[in-house]
Each structure stands twice: as structure tokens, then as C-alpha cells.
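Analysis of the macromolecular model
Chain by chain, the residues run as shown.
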Amino acid sequence: MTRTTLLESRDAAPKVIVRTVKGLFSPDARWRDKTVVFRRTVTMGREGGPEDIVIDDPLMSRRHAELKVVSDDGAVGIRDLESRNGTYLDGERIATDFVVLESGDVIRVGGTLLLFERFERTGTAPVERSGRLIGTNRAIQSVLAQVGVAARGVLPVLVVGETGTGKELVATEIHERSGREGRLVAVNCAAIPRDLFESAFFGHRKGSFSGASDDRGGYFQGADKGTLLLDEIGEMPLDAQAKLLRTIETMEVTPVGETRAVKVDARIVAATNRRLDDEVTHGRFRGDLLARLRGITIPLPPLRERRDDLLLLLEHFLGRAGRSLVLTADFVERFLLHRWRENVRELEHATHRLVLATRDGDTLRAADAEKILVSAAQGDGTRAGRKPDPLQETPAAGVVLTKPIMPSREALEAAFAEAGGKIVAVAAKFHTNRQQVYRWLDYLDMTIDDLRGKKS
């Protein structure tokens with residue numbers, strides 16, 4: 001296929017903007033993980049020309065749907081071609097009018113699921129592999145590349161991401177690739193009582209306080225010549241932050257009850273799901289400590305932004321449990337469109353519930369997905385973490401989006417009622433896109449199903 005070159009700005013050099021659809025799930029085995037780069041117009045169906053998307057799917061029509069560049073800035077639209085079984089965008093059936101696509105949109109045509117992406121090509125890099133961080137998504141590939149760079153150096157690393165995105169896995173990967181001879185010591189900073197901080201991190205001498213029955217080294221000494229993971233660093237009290245800063249600067253610790261400092265050599269990796277810049281602004285985190293920790297920063301993408309990896313992860317967890325299931329397109333679609341607030345951790349828990357509820361060889365449909373995801377929404381004991389600010393999300397490269405002010409709960413309810421529960425129409429009403437509406441719903445603890453139940 002031919003890639004499309006688009007001049008984004010008259011004042012800048014041309015950028016290569018790539019528009020792709022990637023096969024996520026299909027009865028046509030050739031379409032699993034197949035990516036097609038298309039130019040201005042392409043038809044999807046069971047039949048077509050050399051530049052069309054031809055899929056051997058009995059549920060698809062001969063000419064099923066059409067993709068087309070519909071604006072001067074390169075936006076892509078999709079429409080149904082009066083197909084027998086319909087064309088679905090993010091779970092909603094669309095008509096014969098073009099609907100503009102956004103990166104990460106899931107398209108269902110017959111029994112086939114496709115992912116649309118529009119991005120700026122910055123070069124072709126080899127696919128990185130890891131036994132822990134599973135995925136071929138561009139964002140997770142960027143993470144793996146940064147892990148490789150971090151492992152070769154000695155600078156502190158700050159890993160940031162929502163709950164359940166794999167921050168400890170990244171720290172483990174950095175440690176093992178670094179070749180450091182010492183251990184990886186992981187510390188949950190939120191779980192250490194304030195009055196035990198110095199003993200826990202720096203160690204103590206026998207008799208230095210009540211209960212100190214012997215000499216004991218702290219976390220820094222335990223990680224000597226290895227790596228110290230400071231998990232949930234944003235939860236650490238300010239007075240403890242000051243002591244930690246001095247130790248990181250000098251790499252010396254003075255055990256409680258001792259007067260002489262002990263040299264240590266520990267590589268520091270810190271992890272947080274908080275926005276530490278905001279914490280500094282509000283006086284809850286030391287700016288000098290943040291500057292010291294931020295030698296290399298590795299941001300982890302949430303699962304909802306790497307939908308093309310979700311089926312791969314699901315199959316990984318099922319395989320680890322020794323369970324073989326027959327998945328249908330509507331089941332996979334429901335999993336793809338779930339919001340996954342707990343990210344990969346939530347998917348792993350959902351898979352565990354799936355294993356408990358099924359037997360080998362079972363065929364799973366949308367209703368089965370609903371049961372599993374409803375039980376997830378009722379809570380499984382995991383910690384939700386902080387919600388992202390719905391007005392601070394970064395759009396995909398090559399896409400310029402405006403950020404309208406978030407409407408009230410009442411305004412969203414009224415818009416859904418007026419639109420008959422269709423999120424495409426709600427997004428159009430607020431002059432935004434579907435993904436932004438989903439962010440608003442997340443922030444307000446609202447769900448599509450709740451709102452559709454209130455429509456008039």
C-alpha cells in the first residue's frame with residue numbers, strides 16, 4: 001500500500017503522516033496483527049482491488065465499508081456501504097454518512113475487529129522484546145527502548161504511570177539489563193510508618209531504640225551494588241523526603257545509633273502514579289528531590305491507549321492459566337472498549353475470574369464479557385489510584401484537538417438523553433471527540449450504560 005505525505009504546516013518541513021488499520025481479531029487468519037497503510041480512499045469487504053482491504057470473513061458483505069480522507073488536514077472518515085450486518089465504531093452502529101475516526105478507534109466489520117491509527121512516522125525501529133513487558137504497540141515499544149537506554153547508565157530513573165501499568169516490571173527490567181551484581185530491593189514508600197523511616201532505610205545498631213535486639217542494615221545497604229525501587233514515592237512525607245534527598249546525593253547512610261556514615265552504591269528507580277510537578281506546586285513534594293530523581297523519566301501508557309496489545313495480553317494470561325477458549329468478535333470488542341481503570345492489573349484479575357467461570361473449549365460472547373466486567377466494576381480489592389485530569393490528556397501525534405471545558409454531570413445526562421444514548425452525537429454536541437467524552441465520564445464516575453438507561 002502507499003503511505004500518504006501530508007504538509008501539516010506551511011512553516012515546517014513536510015511530515016510523513018501514516019494512516020493505518022490493524023487487524024485485531026478475525027476469522028481470516030491473515031488479518032491477525034496485519035497492518036495496512038492506506039491512501040485517500042479504501043474499501044473494506046470480501047472482494048476488492050489490490051489497494052482495498054479484502055478479508056475472508058463470511059459475516060462481511062462484498063463491499064462492506066469505506067475509509068476516506070475527508071478534510072484538508074488529513075482527517076479520516078468511515079461509513080457503512082449498506083452492508084448486511086452493519087459497520088460498528090467503538091461499539092456503535094454507524095450509517096452511510098462519514099464519521100471522523102480518531103487514533104485508537106475500534107472498527108467492527110462482520111466478525112473482524114480493526115484498530116485505526118493516524119500518526120507521524122519518525123523512523124522504523126526494530127520491535128523490542130521483553131519477557132515481562134508484553135506488547136507491540138508503539139507506546140510500549142518506546143518504553144522498552146527507554147528501558148534499554150536507562151539500563152546502560154547510572155542516572156536515577158523516574159517511572160510514571162497509572163495504577164496497574166507495570167511500573168515494578170519496568171524497574172525489574174532495568175535492573176536485570178543493567179548487569180548490576182547486587183539485588184533489586186523494592187520498597188513501598190506508602191507503607192512505612194514515619195517514625196520507622198530512618199531505621200527502615202538506613203538501618204540501626206543493637207540497642208539504639210526499644211526493640212532493636214540486633215544490628216540490622218536498611219534498604220540502601222540491602223540494595224548495595226544493586227537497585228533500590230522506591231515505589232509510590234509520591235506518598236512519602238516531606239520530612240522523610242529531605243533525608244532521602246541527602247542520601248541520594250551523598251550515597252552515604254548513617255544507621256540509627258551509629259555516628260559514622262557507611263558508603264553504599266545503589267541505583268535509584270522511583271515510581272509513582274501521581275503528577276509530581278503538581279505535588280511540588282502544592283507543597284506536598286520537594287522540588288529538589290524531584291529534580292534529583294528525574295535523571296531519566298519513563299512514562300507508561302494506560303491500557304486504553306494500547307488496545308492493539310489487549311488481546312495479546314488476554315491470551316498470555318489465559319495461556320498461563322492453561323485455559324483454551326473460543327472468543328467471538330463481540331466478546332473481544334467488549335473487552336477492547338472497556339475503560340480498564342486499573343490497567344493491565346485489572347485485565348489480569350478479569351482473566352482470573354474468566355478462568356473460574358469457564359471450562360476448556362467454551363465459546364464466549366458479549367454477554368459473557370458483560371458478566372466478567374460487571375463483577376470487576378463491583379470491586380476486587382484493588383486500589384483505584386488517582387483519576388487523570390480529563391483536560392490534561394495528550395492527543396496522538398499528528399492530531400490537533402481542542403480542549404473544551406468539561407460539562408457538568410447534569411449536562412452530560414441531558415446530552416445523552418437528547419442523542420438517544422449515542423456517544424458520537426454527544427461528542428458532536430460538545431464540539432469534541434468520543435475519547436474526550438469517555439474521559440469526562442471516567443472523571444465523573446459515570447458509565448455509558450448508566451446514561452443510556454436514563455435516555456428519554
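Residues numbered from 1 in each chain as written. Predicted model: local features only at pLDDT ≥ 70, side-chain atom pairs only at ≥ 80, totals over all residues. Heavy atoms only, no water.

Let's shift gears to the overall build of the protein chain. Per the secondary structure count, the protein chain includes 15 helices and 21 strands. Taken across its 456 residues, the protein chain has 48% of its residues classed as buried. Residue pairs at least 24 apart in sequence account for 66% of intrachain contacts in the protein chain once pairs closer than 6 positions are excluded. (Helix = DSSP H or I, 4+ residues; strand = E, 2+ residues; numbered from the N terminus. Buried < 20%, exposed > 50% of the residue type's maximum accessible area, 1.4 Å probe, protein only. Contact = heavy atoms within 4.5 Å.)

Let us look at the sheet that holds strand S5 (residues 53-54). Read from one edge to the other, the open sheet built from five strands follows the order S5-S4-S6-S7-S10, with strand pairing classed as mixed. One side of each edge strand has no neighbouring strand; the edge strands of this open sheet are S5 and strand S10 (99-100). (Pairing = 2+ DSSP bridges.)

So, about the packing of helix H8 (residues 310-320) against helix H9 (residues 329-337). Between H8 and H9, the least distance of the axes is 10 Å, while the angle of their chain directions is 110 degrees. By the angle class used here, H8 and H9 are roughly perpendicular. Taking contact as the criterion, the partners of Leu 310, Leu 311 and Leu 314 in H8 are, on H9, Phe 331, Val 332, Phe 335 and Leu 336. Here the residues of the contact of H8 with H9 sort into seven nonpolar, no polar and no charged. (Axes fitted to C-alpha atoms, helices over the stretch in contact; angles between N-to-C directions. Parallel < 35°, antiparallel > 145°, perpendicular 65-115°, else oblique. Nonpolar A, V, L, I, M, F, W, Y, C, P; charged D, E, K, R; others polar.)

What follows deals with the sheet that holds strand S14 (residues 184-188). Strand order in the open sheet made by the five strands is S14-S15-S18-S13-S19, with parallel pairing throughout. The sheet terminates laterally at S14 and strand S19 (296-299), the two strands that pair on one side only. Looking at each pair of strands side by side, their axes are set apart by 20 degrees on average, direction ignored. Of the pairings in the sheet, the one linking strand S13 (residues 157-160) to S19 comprises four bridges and is parallel in character. Across the sheet, the residue bridging to Val 159 is Ile 298, located in S19. Against the sheet, helix H1 (residues 138-151) makes contact with S13, strand S18 (266-272) and S19, and its axis sits at roughly 155 degrees relative to S19, the strand it touches most.

Glancing now at the nonpolar core. Counting residues in each nonpolar core, the largest one holds 31 residues, and the members touching the most others are Leu 314, Leu 327, Phe 331, Phe 335 and Leu 347. Within the residue set of this core, elements represented by two or more residues are strand S2 (15-25), strand S12 (112-120), H8, H9, helix H10 (343-357) and helix H11 (366-377). Once residues within four sequence positions are removed from consideration, Phe 335 is found in contact with Leu 310, Leu 314, Trp 340, Leu 347, Ala 369, Ile 372 and Leu 373. (Core = buried A, V, L, I, M, F, W, Y, C linked by side-chain atoms within 4.5 Å.)

Once that is clear, we can look at the environment of Leu 229. Residue placement: Leu 229 occurs in strand S15 (residues 226-231). For Leu 229, a relative accessible area of 0% puts it in the buried group. Taking the C-alpha atoms as reference points, Leu 229 and Val 185, 44 residues apart in sequence, are found 6.0 Å from one another. When residues no more than four places from it in sequence are discounted, the contact partners of Leu 229 are Glu 168, Ala 171, Leu 184, Val 185, Ala 186, Val 187, Val 269 and Ala 271.

Our focus in this paragraph is the pairing of S13. Sheet topology places S13 next to S18; four bridges connect them, and they run parallel. Looking at S18, one finds that Val 159 is bridged to Ala 271.

Before going further, it helps to examine the pattern of salt bridges. Taken as a whole and judged by the stated rule, the model has 30 salt bridges. Here Arg 307 ties to Asp 90 by a salt bridge, and the two come within 3.5 Å at their closest N and O atoms. One end of the pair, Arg 307, is in the loop between S19 and H8; the other, Asp 90, is in the loop between strand S8 (87-89) and strand S9 (92-94), and 217 residues separate them in sequence. On the accessibility criterion, Arg 307 (8% relative accessible area) is buried. (Salt bridge = Lys/Arg side-chain N within 4 Å of Asp/Glu carboxyl O.)

With that settled, consider the confidence of the model for the protein chain. Averaged over all residues, the pLDDT of the protein chain equals 85, while 85% of them reach at least 70. The least confident element of the protein chain, judged by mean pLDDT, is strand S1 (residues 4-6) at 30; the most confident is S13 at 98. Confidence drops under a pLDDT of 50 for residues 1-14, and excluding neighbours within four residues, the segment shows 34 contacts in the predicted structure. Here residues 380-403 is a poorly scored stretch, pLDDT under 50, and it has 56 contacts once near neighbours within four places are set aside; other chains count. (pLDDT = per-residue confidence, 0-100.)

Moving on: the side chain of Thr 112. Examined against the element boundaries, Thr 112 turns out to sit in strand S12. In this structure Thr 112 touches Phe 25, Ser 26, Pro 27, Ile 55, Asp 57, Met 60 and Ile 107, once residues within four positions along its chain are discounted.

Scanning the entire structure with this criterion turns up nine aromatic pairs. Ring geometry for Phe 38 against Phe 116: centres 6.5 Å apart, planes inclined by 45 degrees, an arrangement best described as tilted. Of this pair, Phe 38 sits in the loop between strand S3 (35-37) and strand S4 (41-45) while Phe 116 is found in strand S12, placing the two residues 78 residues apart along the sequence. Phe 116 shares its class with Phe 38; the two are buried. Between Phe 197 and Phe 201, the aromatic rings sit 4.5 Å apart at their centres with planes inclined by 35 degrees, giving tilted as the arrangement. Here Phe 201 and Phe 197 lie together in helix H3 (residues 197-202), a separation of four residues that amounts to about one turn. For Phe 197, a relative accessible area of 5% corresponds to the buried category. A network of ring pairs unites the aromatic residues Phe 197, Phe 201, Phe 202, Tyr 219 and Phe 220 as a single cluster. One cation-aromatic arrangement involves Arg 138 over Phe 119; the distance from NZ or CZ to the ring centre is 3.9 Å. (Phe/Tyr/Trp six-rings, centres within 6.5 Å; stacked < 30°, edge-to-face > 60°. Lys NZ or Arg CZ within 6 Å of the ring centre and 35° of its normal.)

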